[in-house]
Amino acid sequence: MAALGALRSCWAPARLLTGSAHHSNRLVLCQQTSIKRHFSNNKILVELDEATGVAVMKMKNPPVNSLSLDFLTEFSITLEKLEMDRGCRGLILTSASPKIFSAGLDIMEMCGKSAEHYGEFWRAVQEMWLKLYGSNMVTIAAINGSSPAGGCLMALCCDYRIMADNPKYAIGLNETQLGIVAPFWFKDTMSNVVGNRVTEQALQLGQMFPAPEALKFGLVDQLVPEEKVQSTAASVMAQWLTVPDHARQITKSMMRKQTTDKLVNNREADIKNFVSFITRDSIQKSLQVYMERLRQRKQ
Ligand SMILES: CC/C=C\C/C=C\C/C=C\CCC/C=C/C(=O)SCCNC(=O)CCNC(=O)[C@H](O)C(C)(C)COP(=O)(O)OP(=O)(O)OC[C@H]1O[C@@H](n2cnc3c(N)ncnc32)[C@H](O)[C@@H]1OP(=O)(O)O
(Lines give C-alpha, C1' and ligand atoms only; values in the text may rest on other atoms or scores of the structure.)
Protein backbone atom coordinates (compact mmCIF):
# COMPACT_ATOMS: atom_id res chain seq x y z
CA MET A 1 0.00 0.00 0.00
CA ALA A 2 1.26 3.46 -0.89
CA ALA A 3 0.19 4.82 2.48
CA LEU A 4 1.98 2.06 4.32
CA GLY A 5 5.07 2.53 2.21
CA ALA A 6 5.41 6.13 3.33
CA LEU A 7 7.23 5.31 6.56
CA ARG A 8 9.97 7.77 7.35
CA SER A 9 12.94 7.33 9.64
CA CYS A 10 13.76 10.60 11.37
CA TRP A 11 14.15 12.50 14.58
CA ALA A 12 10.75 14.08 14.85
CA PRO A 13 8.76 15.97 17.42
CA ALA A 14 5.76 14.04 18.67
CA ARG A 15 3.01 16.01 20.34
CA LEU A 16 1.57 14.41 23.44
CA LEU A 17 -2.06 15.38 23.73
CA THR A 18 -4.15 14.09 26.55
CA GLY A 19 -7.76 13.04 26.91
CA SER A 20 -8.78 15.20 29.85
CA ALA A 21 -8.24 18.76 30.88
CA HIS A 22 -6.21 17.97 33.98
CA HIS A 23 -3.36 16.49 31.95
CA SER A 24 -0.88 18.95 30.51
CA ASN A 25 0.20 19.01 26.88
CA ARG A 26 3.81 18.07 26.31
CA LEU A 27 6.24 18.25 23.43
CA VAL A 28 8.73 15.41 23.21
CA LEU A 29 11.59 14.48 20.91
CA CYS A 30 11.93 10.84 20.07
CA GLN A 31 13.46 8.70 17.38
CA GLN A 32 10.80 7.01 15.35
CA THR A 33 10.02 5.64 11.92
CA SER A 34 7.08 7.96 11.35
CA ILE A 35 5.49 10.90 13.10
CA LYS A 36 3.19 9.63 15.79
CA ARG A 37 0.92 11.77 17.89
CA HIS A 38 -0.27 10.51 21.23
CA PHE A 39 -3.72 11.23 22.60
CA SER A 40 -3.31 9.07 25.68
CA ASN A 41 -4.75 9.39 29.15
CA ASN A 42 -4.46 7.05 32.10
CA LYS A 43 -7.17 4.69 30.81
CA ILE A 44 -6.63 4.70 27.07
CA LEU A 45 -3.40 4.62 25.08
CA VAL A 46 -3.76 6.27 21.69
CA GLU A 47 -1.17 6.63 19.00
CA LEU A 48 -1.98 8.32 15.72
CA ASP A 49 0.42 7.54 12.90
CA GLU A 50 0.43 10.57 10.65
CA ALA A 51 1.89 8.66 7.72
CA THR A 52 -1.03 6.22 7.54
CA GLY A 53 -3.75 8.31 9.18
CA VAL A 54 -4.48 5.38 11.51
CA ALA A 55 -4.92 5.67 15.26
CA VAL A 56 -4.50 2.65 17.51
CA MET A 57 -6.58 2.94 20.66
CA LYS A 58 -5.66 0.51 23.44
CA MET A 59 -8.02 0.20 26.37
CA LYS A 60 -6.14 0.07 29.64
CA ASN A 61 -8.45 -0.17 32.60
CA PRO A 62 -7.20 -3.08 34.73
CA PRO A 63 -8.01 -5.72 35.67
CA VAL A 64 -10.61 -6.41 32.96
CA ASN A 65 -11.20 -3.18 30.99
CA SER A 66 -14.64 -2.77 32.50
CA LEU A 67 -16.50 0.25 31.17
CA SER A 68 -16.76 2.51 34.21
CA LEU A 69 -18.15 6.03 34.10
CA ASP A 70 -14.61 7.46 34.14
CA PHE A 71 -13.47 5.12 31.41
CA LEU A 72 -16.47 5.86 29.19
CA THR A 73 -15.96 9.59 29.64
CA GLU A 74 -12.30 9.38 28.64
CA PHE A 75 -13.21 7.10 25.75
CA SER A 76 -15.75 9.52 24.29
CA ILE A 77 -13.44 12.53 24.72
CA THR A 78 -10.62 10.69 22.96
CA LEU A 79 -12.86 9.52 20.15
CA GLU A 80 -14.17 13.03 19.66
CA LYS A 81 -10.60 14.36 19.35
CA LEU A 82 -9.70 11.75 16.77
CA GLU A 83 -12.94 12.36 14.88
CA MET A 84 -12.13 16.09 14.65
CA ASP A 85 -8.56 15.45 13.55
CA ARG A 86 -8.30 15.73 9.77
CA GLY A 87 -5.17 13.59 9.85
CA CYS A 88 -7.03 10.63 11.31
CA ARG A 89 -8.98 8.40 8.91
CA GLY A 90 -8.98 5.06 10.67
CA LEU A 91 -9.21 3.67 14.19
CA ILE A 92 -8.08 0.30 15.49
CA LEU A 93 -9.67 -0.51 18.84
CA THR A 94 -7.95 -3.09 21.01
CA SER A 95 -6.94 -3.94 24.57
CA ALA A 96 -3.60 -3.03 26.13
CA SER A 97 -3.69 -6.32 28.05
CA PRO A 98 -4.29 -9.48 26.04
CA LYS A 99 -6.83 -12.09 27.27
CA ILE A 100 -9.54 -9.50 27.94
CA PHE A 101 -10.75 -7.12 25.26
CA SER A 102 -13.36 -5.66 27.64
CA ALA A 103 -15.52 -7.18 30.41
CA GLY A 104 -18.36 -4.87 29.37
CA LEU A 105 -20.12 -2.34 31.52
CA ASP A 106 -18.70 -1.98 34.99
CA ILE A 107 -21.25 -3.85 37.09
CA MET A 108 -20.26 -1.87 40.19
CA GLU A 109 -21.58 1.27 38.45
CA MET A 110 -25.00 -0.39 38.34
CA CYS A 111 -25.08 -1.61 41.96
CA GLY A 112 -26.03 0.25 45.12
CA LYS A 113 -25.77 3.76 43.65
CA SER A 114 -28.21 6.66 43.42
CA ALA A 115 -30.72 7.19 40.60
CA GLU A 116 -28.71 10.29 39.58
CA HIS A 117 -25.58 8.18 39.26
CA TYR A 118 -27.36 5.56 37.15
CA GLY A 119 -28.66 8.32 34.87
CA GLU A 120 -25.21 9.83 34.43
CA PHE A 121 -23.68 6.42 33.82
CA TRP A 122 -26.27 5.45 31.22
CA ARG A 123 -25.83 8.76 29.37
CA ALA A 124 -22.10 7.97 29.15
CA VAL A 125 -22.86 4.49 27.76
CA GLN A 126 -25.18 6.05 25.16
CA GLU A 127 -22.51 8.63 24.27
CA MET A 128 -19.86 5.98 23.73
CA TRP A 129 -22.21 4.03 21.44
CA LEU A 130 -23.35 7.08 19.45
CA LYS A 131 -19.77 8.19 18.88
CA LEU A 132 -18.33 4.80 17.99
CA TYR A 133 -21.25 3.47 15.93
CA GLY A 134 -21.65 6.83 14.22
CA SER A 135 -17.95 7.40 13.58
CA ASN A 136 -16.90 8.69 10.18
CA MET A 137 -13.57 6.91 10.54
CA VAL A 138 -12.95 3.35 9.42
CA THR A 139 -13.15 1.41 12.68
CA ILE A 140 -11.63 -2.02 13.19
CA ALA A 141 -11.88 -4.06 16.39
CA ALA A 142 -8.73 -6.05 17.11
CA ILE A 143 -10.29 -8.39 19.66
CA ASN A 144 -7.38 -9.84 21.61
CA GLY A 145 -9.40 -11.48 24.37
CA SER A 146 -12.85 -12.12 25.81
CA SER A 147 -15.54 -9.63 25.08
CA PRO A 148 -18.84 -10.00 26.94
CA ALA A 149 -21.84 -7.65 26.77
CA GLY A 150 -20.68 -4.01 26.52
CA GLY A 151 -17.30 -5.25 25.23
CA CYS A 152 -19.09 -7.13 22.46
CA LEU A 153 -21.16 -4.02 21.75
CA MET A 154 -17.99 -1.97 21.24
CA ALA A 155 -16.65 -4.56 18.81
CA LEU A 156 -20.00 -4.68 16.98
CA CYS A 157 -19.89 -0.90 16.55
CA CYS A 158 -16.77 -1.25 14.41
CA ASP A 159 -16.77 -1.77 10.65
CA TYR A 160 -14.74 -4.98 10.85
CA ARG A 161 -13.82 -7.45 13.60
CA ILE A 162 -10.62 -9.48 13.82
CA MET A 163 -10.40 -11.86 16.76
CA ALA A 164 -7.58 -13.91 18.25
CA ASP A 165 -8.03 -17.55 17.25
CA ASN A 166 -8.33 -18.94 20.75
CA PRO A 167 -11.39 -20.93 21.88
CA LYS A 168 -10.82 -19.68 25.42
CA TYR A 169 -11.84 -16.21 24.28
CA ALA A 170 -15.57 -15.69 24.02
CA ILE A 171 -17.77 -12.90 22.74
CA GLY A 172 -21.48 -12.18 23.00
CA LEU A 173 -24.28 -10.17 24.54
CA ASN A 174 -24.78 -12.18 27.75
CA GLU A 175 -26.99 -9.68 29.60
CA THR A 176 -29.83 -12.12 30.35
CA GLN A 177 -27.33 -14.30 32.25
CA LEU A 178 -27.00 -11.40 34.69
CA GLY A 179 -30.79 -11.03 34.93
CA ILE A 180 -30.69 -7.80 32.93
CA VAL A 181 -31.82 -6.93 29.43
CA ALA A 182 -29.81 -5.66 26.45
CA PRO A 183 -31.56 -2.43 25.40
CA PHE A 184 -32.98 -2.00 21.90
CA TRP A 185 -29.87 -0.28 20.55
CA PHE A 186 -27.57 -3.13 21.72
CA LYS A 187 -30.01 -5.54 20.03
CA ASP A 188 -30.16 -3.47 16.84
CA THR A 189 -26.37 -3.24 16.63
CA MET A 190 -26.02 -7.02 16.79
CA SER A 191 -28.97 -7.64 14.51
CA ASN A 192 -27.48 -5.32 11.87
CA VAL A 193 -24.37 -7.53 11.85
CA VAL A 194 -25.71 -11.09 12.12
CA GLY A 195 -29.44 -10.84 11.42
CA ASN A 196 -32.61 -10.99 13.47
CA ARG A 197 -33.02 -14.74 14.01
CA VAL A 198 -29.51 -15.35 15.33
CA THR A 199 -29.71 -12.23 17.50
CA GLU A 200 -33.06 -13.22 18.96
CA GLN A 201 -31.77 -16.60 20.09
CA ALA A 202 -28.37 -15.36 21.26
CA LEU A 203 -29.90 -12.54 23.28
CA GLN A 204 -32.60 -14.62 24.94
CA LEU A 205 -30.04 -17.21 25.99
CA GLY A 206 -27.37 -14.63 26.84
CA GLN A 207 -24.92 -16.71 24.82
CA MET A 208 -21.17 -16.22 24.86
CA PHE A 209 -19.53 -17.67 21.74
CA PRO A 210 -15.98 -19.04 21.70
CA ALA A 211 -14.04 -17.34 18.89
CA PRO A 212 -14.42 -20.20 16.34
CA GLU A 213 -18.21 -20.27 16.90
CA ALA A 214 -18.45 -16.49 16.58
CA LEU A 215 -16.71 -16.67 13.20
CA LYS A 216 -19.18 -19.27 11.89
CA PHE A 217 -22.17 -16.90 11.97
CA GLY A 218 -20.34 -13.65 11.30
CA LEU A 219 -20.23 -12.16 14.80
CA VAL A 220 -16.55 -11.66 13.96
CA ASP A 221 -15.16 -11.39 10.45
CA GLN A 222 -11.79 -13.07 10.77
CA LEU A 223 -9.74 -15.18 13.19
CA VAL A 224 -5.97 -14.96 13.23
CA PRO A 225 -3.27 -16.23 15.58
CA GLU A 226 -3.05 -14.07 18.65
CA GLU A 227 0.28 -12.49 17.70
CA LYS A 228 -1.11 -11.44 14.31
CA VAL A 229 -4.22 -9.61 15.49
CA GLN A 230 -2.64 -6.13 15.37
CA SER A 231 -0.74 -6.59 12.11
CA THR A 232 -3.83 -8.05 10.39
CA ALA A 233 -5.89 -5.12 11.63
CA ALA A 234 -3.31 -2.75 10.13
CA SER A 235 -3.38 -4.44 6.73
CA VAL A 236 -7.18 -4.68 6.61
CA MET A 237 -7.29 -1.01 7.55
CA ALA A 238 -4.94 -0.14 4.69
CA GLN A 239 -7.35 -1.86 2.27
CA TRP A 240 -10.39 -0.03 3.63
CA LEU A 241 -8.54 3.29 3.37
CA THR A 242 -8.08 2.86 -0.37
CA VAL A 243 -11.78 3.74 -0.74
CA PRO A 244 -12.44 7.50 -1.02
CA ASP A 245 -13.54 8.76 2.41
CA HIS A 246 -16.59 10.74 1.33
CA ALA A 247 -18.19 7.85 -0.57
CA ARG A 248 -17.50 5.34 2.21
CA GLN A 249 -18.72 7.73 4.92
CA ILE A 250 -22.00 8.50 3.16
CA THR A 251 -22.57 4.79 2.64
CA LYS A 252 -21.84 4.00 6.29
CA SER A 253 -24.16 6.75 7.45
CA MET A 254 -26.89 5.51 5.09
CA MET A 255 -26.61 2.03 6.61
CA ARG A 256 -26.53 3.14 10.26
CA LYS A 257 -28.51 6.38 10.55
CA GLN A 258 -31.89 4.75 11.09
CA THR A 259 -30.45 2.79 14.01
CA THR A 260 -28.70 5.77 15.64
CA ASP A 261 -31.71 8.06 15.09
CA LYS A 262 -33.86 5.70 17.15
CA LEU A 263 -31.72 6.43 20.19
CA VAL A 264 -30.99 10.08 19.39
CA ASN A 265 -34.75 10.73 19.32
CA ASN A 266 -35.35 8.79 22.54
CA ARG A 267 -32.33 9.44 24.73
CA GLU A 268 -34.12 10.82 27.77
CA ALA A 269 -36.80 8.11 27.70
CA ASP A 270 -34.08 5.48 27.37
CA ILE A 271 -32.25 6.87 30.41
CA LYS A 272 -35.48 6.95 32.40
CA ASN A 273 -36.20 3.38 31.39
CA PHE A 274 -32.73 2.24 32.44
CA VAL A 275 -32.93 3.99 35.81
CA SER A 276 -36.34 2.58 36.64
CA PHE A 277 -35.17 -0.91 35.58
CA ILE A 278 -31.84 -0.94 37.39
CA THR A 279 -33.20 0.47 40.66
CA ARG A 280 -35.64 -2.44 41.06
CA ASP A 281 -34.79 -4.55 44.10
CA SER A 282 -35.00 -7.75 42.06
CA ILE A 283 -32.49 -6.44 39.49
CA GLN A 284 -30.09 -5.21 42.17
CA LYS A 285 -30.29 -8.64 43.78
CA SER A 286 -29.56 -10.37 40.44
CA LEU A 287 -26.46 -8.23 39.90
CA GLN A 288 -25.19 -8.90 43.41
CA VAL A 289 -25.67 -12.64 42.96
CA TYR A 290 -23.82 -12.48 39.62
CA MET A 291 -20.88 -10.60 41.16
CA GLU A 292 -20.77 -13.11 44.00
CA ARG A 293 -20.66 -15.96 41.46
CA LEU A 294 -17.77 -14.26 39.67
CA ARG A 295 -15.86 -13.99 42.94
CA GLN A 296 -16.55 -17.61 43.88
CA ARG A 297 -15.47 -18.85 40.46
CA LYS A 298 -12.18 -17.08 41.05
CA GLN A 299 -11.70 -18.81 44.41
C1 LIG B 1 -38.15 -3.45 30.76
C2 LIG B 1 -36.70 -3.49 30.42
C3 LIG B 1 -36.43 -3.20 29.07
C4 LIG B 1 -35.24 -2.81 28.63
C5 LIG B 1 -34.04 -2.72 29.49
C6 LIG B 1 -33.83 -1.41 30.06
C7 LIG B 1 -32.66 -1.02 30.41
C8 LIG B 1 -31.40 -1.84 30.22
C9 LIG B 1 -30.91 -2.40 31.48
C10 LIG B 1 -29.70 -2.85 31.65
C11 LIG B 1 -28.75 -2.93 30.53
C12 LIG B 1 -27.37 -3.17 31.01
C13 LIG B 1 -26.51 -3.65 29.89
C14 LIG B 1 -25.27 -4.27 30.45
C15 LIG B 1 -24.23 -4.50 29.72
C16 LIG B 1 -23.00 -5.09 30.33
O17 LIG B 1 -21.95 -4.97 29.76
S18 LIG B 1 -23.09 -5.88 31.83
C19 LIG B 1 -21.48 -6.57 32.12
C20 LIG B 1 -21.43 -7.98 31.64
N21 LIG B 1 -20.09 -8.50 31.81
C22 LIG B 1 -19.85 -9.73 32.21
O23 LIG B 1 -20.74 -10.52 32.45
C24 LIG B 1 -18.42 -10.08 32.38
C25 LIG B 1 -18.16 -10.69 33.72
N26 LIG B 1 -16.75 -11.02 33.86
C27 LIG B 1 -16.20 -12.15 33.39
O28 LIG B 1 -16.82 -12.97 32.77
C29 LIG B 1 -14.75 -12.35 33.69
O30 LIG B 1 -14.39 -11.47 34.72
C31 LIG B 1 -13.84 -12.09 32.48
C32 LIG B 1 -14.01 -13.20 31.44
C33 LIG B 1 -14.09 -10.75 31.83
C34 LIG B 1 -12.37 -12.12 32.98
O35 LIG B 1 -12.12 -13.30 33.68
P36 LIG B 1 -10.82 -13.41 34.60
O37 LIG B 1 -9.62 -13.00 33.83
O38 LIG B 1 -10.84 -14.78 35.17
O39 LIG B 1 -11.02 -12.29 35.71
P40 LIG B 1 -11.96 -12.34 37.01
O41 LIG B 1 -13.27 -12.97 36.68
O42 LIG B 1 -11.18 -12.90 38.14
O43 LIG B 1 -12.23 -10.79 37.24
C44 LIG B 1 -11.22 -9.93 37.81
C45 LIG B 1 -11.92 -8.89 38.64
O46 LIG B 1 -12.73 -8.07 37.81
C47 LIG B 1 -14.08 -8.07 38.28
N48 LIG B 1 -14.99 -7.94 37.13
C49 LIG B 1 -15.10 -8.75 36.09
N50 LIG B 1 -15.99 -8.28 35.20
C51 LIG B 1 -16.47 -7.13 35.72
C52 LIG B 1 -17.43 -6.18 35.26
N53 LIG B 1 -18.08 -6.29 34.10
N54 LIG B 1 -17.67 -5.12 36.05
C55 LIG B 1 -17.04 -4.96 37.22
N56 LIG B 1 -16.11 -5.84 37.71
C57 LIG B 1 -15.83 -6.91 36.95
C58 LIG B 1 -14.20 -9.42 38.99
O59 LIG B 1 -15.25 -9.41 39.88
C60 LIG B 1 -12.86 -9.51 39.66
O61 LIG B 1 -12.88 -8.65 40.79
P62 LIG B 1 -12.12 -9.05 42.14
O63 LIG B 1 -12.75 -10.33 42.63
O64 LIG B 1 -10.68 -9.20 41.77
O65 LIG B 1 -12.39 -7.91 43.07
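Residues numbered from 1 in each chain as written. Predicted model: local features only at pLDDT ≥ 70, side-chain atom pairs only at ≥ 80, totals over all residues.

Describing the overall build of the protein
Filter applied, for reference: Working definition: helices are DSSP H or I runs of at least four residues, strands are E runs of at least two. Numbering for both runs from the N terminus. Field definition: a residue is buried when 20 or more other C-beta atoms are found within 10 Å of its C-beta, exposed when 12 or fewer are, and partly exposed for counts in between, with C-beta atoms placed from the backbone. For the purpose of contact definition, each residue receives a C-beta atom placed from its backbone, and two residues are in contact when these atoms lie within 7 Å.
On a plain count of helices and strands, the protein comes out with 11 helices and 13 strands. Evaluated residue by residue, the protein yields a buried proportion of 38% over its 299 residues. Here the analysis covers contacts within the protein between residues at least 6 apart in sequence; of these, 70% occur between residues at least 24 apart.

A closer look at the site of the ligand
Keep this limit in mind: Residue proximity rests on one test: whether the C-beta atom, placed from the backbone, lies within 6 Å of the molecule or strand. Any residue outside Ala, Val, Leu, Ile, Met, Phe, Trp, Tyr, Cys, Pro, Asp, Glu, Lys and Arg is labelled polar, Gly included; the first ten of those are nonpolar and the last four are charged.
Every one of the 29 residues lining the ligand counts as a neighbour, but Ala103, Gly104, Leu105, Ala149 and Gly150 are closest to it. Residue classes in the shell around the ligand are distributed as 19 nonpolar, 6 polar and 4 charged.

Side note on the nonpolar core
For clarity, the threshold we go by: Put simply, a nonpolar core is buried Ala, Val, Leu, Ile, Met, Phe, Trp, Tyr and Cys residues tied into one set by C-beta atoms within 7 Å.
Ile92, Ile140, Ile143, Met163 and Ile171 are the most contacted members of the largest nonpolar core, which totals 74 residues. For this core, the element with the highest residue contribution is helix H3 (residues 115-133), accounting for 9 residues.

As for the pairing of strand E4 (residues 44-49)
This is how it is decided: Two strands are said to pair when DSSP picks up at least two bridges between them.
In this structure, strand E3 (residues 36-38) lies alongside E4, joined through 3 bridges in antiparallel fashion. Residue pairing across strands places His38 opposite Glu47, the latter belonging to E4. In sequence, E3 turns back onto E4 through a hairpin of 5 residues. Here E4 runs beside strand E5 (residues 54-59); their pairing, made up of 6 bridges, is antiparallel. The partner of Leu48 across the bridge, within E5, is Ala55. Count of turn residues in the E4/E5 antiparallel hairpin: 4 residues, of which Gly53 carries a positive phi of about 75 degrees.

Some thoughts on the pairing of strand E9 (residues 145-148)
Two strands pair when backbone bridges link them, and strand E7 (residues 99-100) and E9 are joined in this way by 2 bridges, in the parallel orientation. Paired with Ile100 across the strands is Ser146, a residue of E9. Examined bridge by bridge, E9 and strand E11 (residues 170-172) share 2 bridges and lie parallel to one another. Paired with Ser147 across the strands is Ile171, a residue of E11.

Section: unusual backbone geometry
Cis geometry marks the peptide bond from Pro62 to Pro63, where omega comes out at 5 degrees. If you trace the backbone, Pro63 turns up in the loop between E5 and helix H2 (69-84). In this structure, Lys99 takes a positive phi of about 95 degrees despite not being glycine. Locating Lys99 in the fold gives a position in strand E7. Taking the C-beta count within 10 Å as the criterion, Lys99 has 14 such neighbours and is therefore assigned partly exposed. Even without a glycine there, the phi angle at Ala149 is positive, about 45 degrees. Along the chain, the position of Ala149 falls in the loop between E9 and helix H4 (150-157). Assessed through the 25 C-beta atoms surrounding it within 10 Å, Ala149 is described here as buried.

Focus: the packing of H2 against H3
The criterion, for reference: Every axis corresponds to a line fitted to the C-alpha atoms, with the helix fit spanning only the stretch in contact, and the corresponding angles, defined between N-to-C directions, vary from 0 to 180 degrees. Oblique is the label for any angle not covered by the other classes, which are roughly parallel (under 35 degrees), roughly antiparallel (over 145) and roughly perpendicular (65 to 115). What makes a crossing left-handed is the near helix being turned counterclockwise from the far one by less than a right angle; a clockwise turn instead makes it right-handed.
At a minimum axis distance of 9 Å, the contact between H2 and H3 shows a crossing angle of 30 degrees. Between H2 and H3, the crossing angle belongs to the class labelled roughly parallel. At the point where H2 passes H3, the crossing takes the left-handed sense. Contacts between H2 and H3 pair Leu69, Leu72, Thr73, Phe75, Ser76, Leu79 and Glu80 from the former with Glu120, Phe121, Ala124, Val125, Glu127, Met128, Lys131 and Leu132 from the latter. Looking at side-chain class alone, the contact of H2 with H3 contains 9 nonpolar, 2 polar and 4 charged residues.

Regarding the packing of H3 against helix H10 (residues 267-278)
The geometry of H3 relative to H10 is characterised by a closest axis approach of 9 Å and an angle of 130 degrees between their N-to-C directions. As summarised for this structure, H3 and H10 are arranged oblique, according to the angle between their axes. Crossing hand, H3 versus H10: right-handed. Facing H3, whose interface residues are Ala115, Tyr118, Gly119, Trp122, Arg123 and Gln126, H10 presents Arg267, Asp270, Ile271, Phe274, Val275 and Ile278. Partitioning the contact of H3 with H10 into residue classes produces 7 nonpolar, 2 polar and 3 charged.

Quick notes on the sheet that holds E11
In space, the 4 strands of this open sheet follow the order E7-E9-E11-E12, with mixed pairing throughout. Each of the sheet's edge strands pairs with one partner strand only, and the pair in question is E7 and strand E12 (209-210). Bridge count for E11 against E12 is 2 bridges, and the pairing is antiparallel. Looking at the pairing, Ile171 lines up with Phe209 of E12. Along the sheet face, H4 touches E9 and E11 and points at about 100 degrees away from the line of E9.

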